[in-house]
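Descriptive analysis of the structure
What follows is the residue order along each chain.
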Amino acid sequence: MDRRTAPEMTAFQLNGVVVEVEATPGERLSHVLREKLGAKDVKIGCNAGDCGACTVLVDGVPLCACLMPVQRAAGAKIETLAGLVKADPHAGALVNSFQAHQAAQCGICTPGMMVSAVALLREIATPDAVQVQDALGGVLCRCTGYRKIIDAVVGAGAVPSAETAGDVGTSLRRLDGLPKVTGMEAFGDDVAPAGALVLRVIRSPHAHAGFTLGDLDGYLAAHQGLHAILTAADVPGLNAFGVIPGFIDQPVFAVDHVRFRGEAVAAVIGEAAVMAQLDLEAFPVSWAIRDAVMEVNAALSGAAPQLHDGRAGNIMCGGHVACGDADAALGRADVIVEGHFTTAFVEHGYIEPEAGFAEMQGDRVVVHACTQAPVMDQDALMPILGLPRERIRIVPTAVGGGFGSKIDISLQPFLALAAMKTGRAVRMTYERVETMQSTTKRHPAQITMRIGADRDGRLCGMTFDGDFNTGAYASWGPTVANRVPVHASGPYRVSDYRARSRAIHTHCVPAGAFRGFGVPQSAIAQESLFDDLAAQLGMDPLDFRLLNALDNGVPTVCGQVFAKGVGIKPCLEALRPAWEAAKADCAAFNTVNSTLKRGVGLAAGWYGCGNTSMPNPSTIRAGLRADGTVVLHQGAMDIGQGSNTVIPQIFARALGVSVHQIALVGADTDLTPDAGKTSASRQTFVTGNAARLAGEALRREMLSQVNASPDAVVTLQDGTVAVTDGAQHFVLDLARLSPNLKGYVIEVNESYDPPTKPLDANGQGEPYAQYGYAAHLVVVEVDTALGRVRPLRFTAAHDVGQAINPLLVEGQVHGGIAQGMGMALMEEYIPHRTENLHDYLIPTIGDVPPIDTLIIEVPDAHGPYGAKGLGEHVLIPTAPAILNAIRHATGVRITQLPATPARVRAALKEAGHA
Amino acid sequence: MAYLVAASLTEALAALDRGHGAIIAGGTDWFPAQGSRPLQGDLVDITRVEGMRGFMPDGSGWRIGGATTWTDVIRAGLPPAFDGLKAAAYEVGSVQIQNAGTIAGNLCNASPAADGVPPLLALGAVVELASTAGTRRMPLADFLQGPRKTARRPAEVLTAIHIPAQPDKAQGSFLKLGARHYLVISIAMVAAVVTVEEDRIVKAAIAVGSCSATAQRLPALEADLTGRAVRDVLLAGAALITPAHLSPLAPIADVRGSAEYRMEAAATLCARAVAHAIGKQGKSNG
């Protein structure tokens, strides 16, 4: 007899409790666990078994819950992270070690990692690194670079070290770390109220097409449970968004034609159960396909369709920096190298797809979603919704990775419009293919560069020409165009320089902000050519770089001179022991191996922190309550990088108390002042300074209550504020002070804006108040017969000025290297073809080799306690270091990224390798 | 629309005979293919069908139940001829995928890059298909007809794979080339089953995946290897492989690699897979 399990109930044990649930035939276990049983600790990243975030134990066996029909779970024992943390001693140990090792950054993959690790530890109590890699190989992480996860599982049995007081310079665990390792963290898809309507977007399947919407009223009427359809006609204000004034060009809903595959044309809103069964392919829209240009050269040709009025030739904008006379210098150079380099679209690959919900609260619309920039979300929604700022509230959820793409709005306008139209709470989560098709990417670049040197090895002229495929809409393309010429020299003294960049429109997904804003691409060209130059000069590549490295008092290509804080030389010097050892190791290996060849490569990088020559303020609020609690309103979005920990550490140092005594209020446009966007490696520097100023101001206010001297010691204890000034001891009489409307007896608001100066027509000026510096070394092994490149180990030196939290510094370094590795070796987003996480490859736990992080501290003149930004600096040297190592191993220069096995093999053959 | 958990083959076949049911086993290919589209028709779950999971002696060969998972393959006690199949099992997706995905599902999904196919072809696998009309068998090579295309009729279940008896000393190997570790679709892969006696290859079976619409055995190469001294084969390496040996292959160019590259990688991998099998002779304990 058939056992028809629908519409009957399915019963199983969930974390020790018998549950019974009604589900549709073949409903994914992941969906049932999250939506019907409240197990939001089971994360969904791809719904295809590619990311492993949804891993649960079924009768002790790790499985992707997204690939399991719930009916098959009948009678089984299901364990998720939240249950394991309560009941399983291995999970308890992992909770500790994951925090101690900085193994969770954004936290979205953490449940999958930890559940997989529990299954391993049940079989093997003390696994080695390889066993951990095998067991966790099915879970993707985009933040950590995996090595800390390996360490955390290998070291799960170790006794945890005592937590520190958390002063600046100490490796404090994340203050927000516990929810990430217990499954309690609430991301974009975890916060919608029960009964929220669901929104889905109708998107173009074509890169360039006209379209006509059919009978929408008829469609609505024909589908019971649908509440509304949104199109361009439903946008009350401006049907456009963007991030840069003058470049607000992307419609919320396309009006009559689309410019890229994945562009939104309409949205359907309905009851969750109805939406789950809705076939979007039947939506009434007809398409008229038009010719599309997908590459820069095609877009620049005379016959190319023009994407936007006023951007003739599909050229959106450009950037230019020049100093000295580059052509004359190249004319007198003893040695000149030239190269042409191309890079691909790179997908951010955060494991959390865009998600959130919106609802009305009175006449206000409130959007809860993952974001890197809550106030910019507000800025973007105001004209679209036609509402003033005070009627829009942005409540960021935890962010499961961003890396630049979540600076732009994505689903926020859809949700807000839907809530306004229906009056109901409306939620949405992008599908993996949707996030890959429609959200911004790293710009593909075509770069031609010439660099000269005199016979002593000093640089003598440099020219750079770069065209960047900016896709269909502007997003952060202008920023990339501006930043690249400023940075393309690398952190070197170049007296004669000319760099030009252009952002070119194509019918591709918009390219925008991605960790480094174009600088990783330019560094590939410059650092590769530096090795070619060194080879032609017969110089050691490290010596060549040191000879030409920037220094205090030496002007940059923008003519900016720093009196202190230029840390590139110490970074390069720090690599020397590893460099000399690796050269010897590789030589020894290569004498006894013919097919496998090893090489060592290095590369340097720099990155200006904050906006380029533009205002870029952050504001921090803090207050003292009458009950003696110090509250820090910290609005800098923590997308995994650690601002929820670093900013309080800085504030606590300035106030002169332990960070553990500070109560935190997280980002919310109603509660936290604008700390700017989490981008451009600016939070530690800019918001950190605002936090320092706020801590100092609060301290001054406290001390002034008792007329204590500036050196007095503030002690927060048992609801009192005590001040010890030499031999004198005071206790603030908080009861005498009257609280303000926010409940504070003392409130401070402090802002910081980095001092920059505008760039003139030749890009001369002071674009950034601060740069951070980096140098990487990598040893690779090339299988010359197959073209496979395997990095074996990295040494990464980073000048961070002052490490606020060395544990978090290492986390950023590891994660950036993993992304740089991916960019170098495997990542290539091709519209229409790699729109999922099995055709688009990011590094797995088996790919990232050990990383030795060398923290260099050359204090900055402006940074809080000398600190510099770090996030983006990391991946800038990684890819060129790998390419230089391939060259060292094989003599072959790879100029097209990613260096896939097929491309490397083709280059090897061309160079005459067997 | 219903979800039917079949307890027996008879139940499963009866359900499929009604004409609107799709088979689901591990679900590792079914769900990604389905995406977020709503389900049409019934799902017939065959993972609890009696006797469809595990390895059983079958005359002088083996019978592998269709619903055997890749983890089952890894954990089974099998002779060294199956080492290639085991190595392939380790390469299927990830632990999570190996715990769910089935050997029959891998074959019925008919991806040109199915990890399980080359080792099974090298072992001379025969598939068993059952329907209410009866049971039929055919060589795996005939069952696979093209990308996503097999000889399975809509109401048929791939119930088992039969592996004929292998020489006592037969040693299997498998190599997969991808752009990363774990969770990767291969650019090319090769399985070999090699029998060496008195330092000569007496039998060789070699199959290549991801280099043609369906994975292919290389009979000319197998014939050329047979009778050769192990030393000569190891010394020659990829130089041993001629274009004629690879003539069954017709690789395409895609995001993972060019056709030319695949052809060349196939030759390299063939030589290495044979060398691995030779190197492991007598050292494998199953």
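Residues numbered from 1 in each chain as written. Chains lettered and ligands numbered in written order. Predicted model: local features only at pLDDT ≥ 70, side-chain atom pairs only at ≥ 80, totals over all residues.

**A look at the overall build of chain A**
Regarding its fold elements, chain A presents 24 helices and 31 strands. In summary, chain A has a C-alpha radius of gyration of 28 Å against a globular reference of 29 Å for 914 residues, a match within 12%. Its C-alpha atoms give chain A principal-axis dimensions of roughly 80 × 80 × 60 Å. Within chain A, the fraction of its 914 residues that count as buried is 63%. (Helix = DSSP H or I, 4+ residues; strand = E, 2+ residues; numbered from the N terminus. Rg over C-alpha atoms; globule rule 2.2 N^0.38 Å. Buried ≥ 20, exposed ≤ 12 C-beta atoms within 10 Å, placed from the backbone.)

**Thoughts on the overall build of chain B**
When helices and strands are counted, chain B shows 11 helices and 14 strands. Relative to the globule expectation of 19 Å for 286 residues, the C-alpha radius of gyration of chain B, 19 Å, shows essentially globular dimensions. Its C-alpha atoms put chain B at 60 × 45 × 30 Å along the principal axes. In chain B, buried positions account for 57% of the 286 residues.

**Brief notes about the interface of chain B and chain A**
Contacts between the two partners involve 42 residues from chain B, matched on the other side by 50 residues from chain A. At the level of secondary structure, the elements contributing two or more residues to the side of chain B that touches chain A comprise strand E1 (3-5), helix H1 (9-17), helix H2 (30-34), strand E3 (42-45), helix H5 (95-100) and helix H11 (259-280) of chain B. By residue number, the principal contributor to the side of chain B that touches chain A is H5(B), which donates 5 residues. Classifying every residue of the side of chain B that touches chain A gives 26 nonpolar, 12 polar and 4 charged. (Contact = placed C-beta atoms within 7 Å. Nonpolar A, V, L, I, M, F, W, Y, C, P; charged D, E, K, R; others polar.)

**Things to note about the domain arrangement of chain A**
Residues and elements named next belong to chain A. Annotation of chain A at the domain level lists domain 1 (1-165), domain 2 (197-290 + 354-429), domain 3 (445-611 + 761-910) and domain 4 (618-752). The distance between the C-alpha centroids of domain 1 and domain 3 comes to 36 Å. Contacts between the two partners involve 19 residues from domain 1, matched on the other side by 18 residues from domain 3. Of all elements in the fold, only helix H5 (129-136) and helix H6 (147-154) reach the threshold of two or more residues within the side of domain 1 that touches domain 3. Per element, the largest residue contribution to the side of domain 1 that touches domain 3 is 4 residues, and it comes from H6. When its residues are assigned to classes, the side of domain 1 that touches domain 3 shows 9 nonpolar, 6 polar and 4 charged. (Domains from an automatic or database assignment.)

**Side note on the sheet that holds strand E7 (residues 209-213) of chain A**
With antiparallel pairing, 3 strands are arranged side by side in an open sheet as E9-E7-E11 (chain A). Bordering the open sheet on either side are strand E9 (257-258) and strand E11 (285-289) of chain A, each of which pairs with just one other strand. (Pairing = 2+ DSSP bridges.)

**A look at the pairing of strand E15 (residues 364-369) of chain A**
Residues and elements named next belong to chain A. With 5 of 6 residues buried, E15 lies mostly within the body of the structure. Where strand E14 (residues 355-361) meets E15, 6 bridges bridge the pair, whose relative direction is antiparallel. Looking across to E15, one finds that Gly356 is bridged to Ala369. What sits between E14 and E15 in their antiparallel hairpin is a turn of 2 residues, with Gly362 showing a positive phi close to 65°. Inspection of the sheet shows E15 paired to strand E16 (residues 392-396) by 5 bridges, in the parallel sense. Residue pairing across strands places His368 opposite Val395, the latter belonging to E16. In this view, the connection linking E15 to its parallel neighbour E16 by way of helix H12 (residues 374-385) has right-handed handedness. (Right-handed = clockwise from strand over helix to strand, strands pointing away.)

**Topic: the sheet that holds E16(A)**
All names here are of chain A. As summarised here, the arrangement of the 7 strands in space is E8-E10-E6-E17-E14-E15-E16, forming an open sheet in which the pairing is mixed. Only two strands of the sheet have a single neighbouring strand rather than two, namely strand E8 (226-230) and E16. Taking the axes of each pair of neighbouring strands and ignoring which way they run, one obtains an average angle of 25° across the sheet. Note: E8 against strand E10 (residues 264-270), 4 bridges, orientation antiparallel. (Axes fitted to C-alpha atoms, helices over the stretch in contact; angles between N-to-C directions.)

**Description of helix H23 (residues 875-890) of chain A**
All names here are of chain A. Taking 1.5 Å as the rise per residue, H23 with 16 residues should run 22 Å; its terminal C-alpha atoms sit 24 Å apart, in good agreement. The buried fraction of H23 is high, at 16 of 16 residues. Directly after H23, the chain includes Gly891, whose backbone phi takes a positive value near 80°. (Expected span 1.5 Å × (residues − 1).)

**A short note on helix H13 (residues 412-422) of chain A**
Residues and elements named next belong to chain A. Burial analysis of H13 places 9 of its 11 residues in the buried class, which makes it a mostly covered element. Turning to H13, its buried residues number three or more, namely Gln412, Pro413, Phe414, Leu415, Ala416, Leu417, Ala418, Ala419 and Met420. Downstream of H13 by a residue or two, Gly423 has a phi angle that is positive, lying close to 75°.

**Observations regarding the pairing of strand E2 (residues 17-22) of chain A**
All names here are of chain A. With 0 of 6 residues buried, E2 is to be regarded as a mostly surface element. By the bridge criterion, 6 bridges tie strand E1 (residues 9-14) to E2 in an arrangement that is antiparallel. Opposite Thr10, over in E2, you have Val21 as the bridge partner. Remark: 2 residues form the turn of the hairpin made by E1 and E2, two consecutive strands paired antiparallel; Asn15 in that turn has positive phi of roughly 50°.

**What about the environment of Ala574(A)?**
Residues and elements named next belong to chain A. When you line up the elements, Ala574 lands in helix H18 (residues 568-574). For Ala574, a count of 21 C-beta atoms within 10 Å translates into the label buried. It is 9.4 Å that separates the C-alpha atoms of Ala574 and Thr795, two residues lying 221 residues apart in sequence.

**Remarks on the packing of helix H4 (residues 110-123) of chain A against H5(A)**
Residue and element names in this part refer to chain A. Between H4 and H5, the shortest axis-to-axis distance is 9 Å and the interhelical angle comes to 125°. In terms of their interaxial angle, H4 and H5 are classed as oblique. Viewed along their axes, H4 and H5 form a crossing whose handedness is right-handed. In this structure, H4 uses Met113, Ser116, Ala117, Ala119 and Leu120 to contact H5, whose residues at the interface are Gln131, Val132, Ala135 and Leu136. Split by residue class, the contact of H4 with H5 holds 7 nonpolar, 2 polar and no charged. (Parallel < 35°, antiparallel > 145°, perpendicular 65-115°, else oblique. Left-handed = near helix turned anticlockwise from the far one by under 90°.)

**Quick word on the environment of Thr853(A)**
Residues and elements named next belong to chain A. Counting through the fold element by element, Thr853 comes out in strand E31 (residues 851-856). Judged by the 19 C-beta atoms lying within 10 Å of it, Thr853 is partly exposed. Spatially, the C-alpha atom of Thr853 lies 9.9 Å from that of Pro806, the residues being 47 residues apart in sequence. Ignoring anything within four residues of it in the chain, the contact list for Thr853 reads Ala796, Glu810 and Val813.

**Some points on the nonpolar core**
Counting 420 residues, the largest nonpolar core has Leu415(A), Ile886(A), Ala192(B), Ile206(B), Cys270(B) and Val274(B) as its most contacted members. No other element matches the 11 residues that H11(B) contributes to this core. Excluding anything up to four places from it in sequence, Ile206(B) contacts Ala122(B), Val190(B), Ala192(B), Arg217(B), Leu218(B), Leu221(B), Glu222(B), Cys270(B), Ala273(B) and Val274(B). (Core = buried A, V, L, I, M, F, W, Y, C linked by C-beta atoms within 7 Å.)

**Some points on unusual backbone geometry**
Residue and element names in this part refer to chain A. Omega for the bond connecting Leu897 with Pro898 falls within 30 degrees of zero, at -5°, which places this linkage in the cis form. With respect to the helices and strands, the residue Pro898 is situated in the loop between H23 and helix H24 (901-910). Of note in this structure, Asn15 is not a glycine but carries a positive phi near 50°. If you trace the backbone, Asn15 turns up in the loop between E1 and E2. Accessibility expressed as a C-beta count within 10 Å gives 21 for Asn15, which makes it buried.

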